[in-house]
Amino acid sequence: MTVHLEVADGVGTIRLDRPPMNALNVALQDRIKELAEEATARDDIRAVVVRGSERVFAAGADIKEMQLMDHAAMVARSRALQDSFTAVARIPKPVVAAVTGYALGGGCELALCADFRIAADNAKLGQPEILLGLIPGAGGTQRLSRLVGPSRAKDLIFTGRQVRADEALALGLVDRVVPAEEVFEAAHAWAAKLAQGPAIALRAAKESIDTGLETDLETGLAVERTWFAGLFATADRETGMRSFVEDGPGKAKFA
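Since the structure is predicted, the reported quantities are computational estimates derived from the model, not experimental observations. (Residues numbered from 1 in each chain as written. Predicted model: local features only at pLDDT ≥ 70, side-chain atom pairs only at ≥ 80, totals over all residues. Heavy atoms only, no water.)

A. Spatial organisation of the pattern of salt bridges. If you walk through the whole model with that rule in mind, you get 13 salt bridges. Here arginine 77 and aspartate 30 are joined by a salt bridge, their closest N and O atoms 2.8 Å apart. Taken together, the residues arginine 77 in helix 3 (residues 71–89) and aspartate 30 in helix 1 (residues 26–41) connect sequence positions 47 residues apart. The class for arginine 77 is buried, based on a relative accessible area of 14%. (Salt bridge = Lys/Arg side-chain N within 4 Å of Asp/Glu carboxyl O. Helix = DSSP H or I, 4+ residues; strand = E, 2+ residues; numbered from the N terminus. Buried < 20%, exposed > 50% of the residue type's maximum accessible area, 1.4 Å probe, protein only.)

And the structure:
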């Protein structure tokens, strides 16, 4: 297999395993989608980590495979490519990317699908597609601009340059930088903490935020309002409020 799903402490880890560089060929793309959908469906998975190897997160598309594709072939494939990454973005649970080494092209786009990105201090990120006469095709033009703003996204996409972890942090491309030997532990700890939280409320928060970013304010407020009221029908809301009244804030234990 080129991608694995491992579960521990309520955390499902989607691990890319296609040495040496985790090049994102068609088989790997399809497997990512399959495992993202499995992580979505499984009740024993309450948060997700996406990671590569110690050396590389994912260095981009399989250029040798892509070089053999003509216009007609890519027209047929481009939707499936985007859908594989969108499946990760739409996991209705907290998702963190543990970014090690290179996260370039499709690798950077995959990291963008996470809710939170923890990068190793030796990580390098970028969208170098322009150097091939292309643009990002797995969501990079859309997710990167939403994350860091249009002018910063244009700088990275127009130039194809790579940024080191410290610059990525300053740009808002990653959320935390840790020593390389700590990145997987830090990502799992972040996910495991949230895996103990109220699953439906976390799903509501994620969907409300993501939908709001994709639509107008009024629609976003309607989504928030619907979820907010709906949560009053959940056992987690009862648990959380009872714990607050009886024991004080932050002590609730959710099933």
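B. Local environment of the side chain of glutamate 109. Checked against the element boundaries, glutamate 109 lands in helix 4 (residues 106–112). For glutamate 109, which is buried and forms no salt bridge, the nearest opposite charge comes from arginine 143, at a distance of 6.8 Å. Here the side chain of glutamate 109 touches glycine 137 through a polar contact of 3.4 Å, landing on its backbone nitrogen. Only 2.8 Å separates the side chain of glutamate 109 from the backbone nitrogen of alanine 138, close enough to count as a polar contact. (Lys, Arg positive; Asp, Glu negative; His and termini not counted. Polar contact = N/O pair within 3.5 Å; in protein donor to acceptor, adjacent residues only side chain to side chain.)

C. Region of interest: unusual backbone geometry. Each neighbour pair has its own omega, and for proline 19 with proline 20 the value is 5°, a cis peptide bond. Among the secondary structure elements, proline 20 is positioned in the loop between strand 2 (11–16) and helix 1. Even without a glycine there, the phi angle at asparagine 22 is positive, about 55°. Inspection of the secondary structure puts asparagine 22 in the loop between strand 2 and helix 1. By relative accessible area, which is 2% here, asparagine 22 ends up buried.

D. Molecular detail of helix 6 (residues 150–159). The set of residues buried in helix 6 consists of Ala153, Leu156 and Ile157. For helix 6, the buried positions fall inside an angular range of 90° around the axis, keeping them on one side. Turned more than 90 degrees away from the buried face of helix 6, the exposed residues are Ser151 and Phe158. Next to the buried residues of helix 6 lie helix 5 (140–148), strand 9 (162–164) and helix 7 (165–171). Looking one or two places after helix 6, you find glycine 160, whose phi comes out positive at around 70°. (Arc of directions from axis to C-beta. Contact = heavy atoms within 4.5 Å.)

E. Summary view of the state of the cysteines. Summed over all chains, the structure comprises 0 disulfides. Summary of cysteine pairing: cysteine 113 is not part of a disulfide, and the nearest cysteine sulfur, belonging to cysteine 108, is at 10 Å. Note on cysteine 113: relative accessible area 4%, which makes it buried. (Disulfide = S-S within 2.5 Å.)

F. Representation of helix 9 (residues 199–214). In this model, helix 9 (16 residues) spans 23 Å end to end at C-alpha, consistent with the 22 Å of a helix rising 1.5 Å per residue. On the buried face of helix 9, the contacting elements are helix 3, strand 5 (95–99) and helix 10 (217–230). (Expected span 1.5 Å × (residues − 1).)

G. Highlighting a negative patch on the surface. Side chains of Asp121, Glu181, Glu182 and Glu185 sit close together on the surface and give a patch of like negative charge. Turning to its location among the elements, glutamate 185 is positioned in helix 8 (residues 183–195). (Patch = residues over 30% accessible without salt bridge, like charges linked within 9 Å, V, L, I, M, F, W, Y side chains within 5 Å. Areas by Shrake-Rupley, 256 points an atom, 1.4 Å probe, with all protein chains shown as cover. Charge placed at Lys NZ, Arg CZ, Asp CG, Glu CD.)

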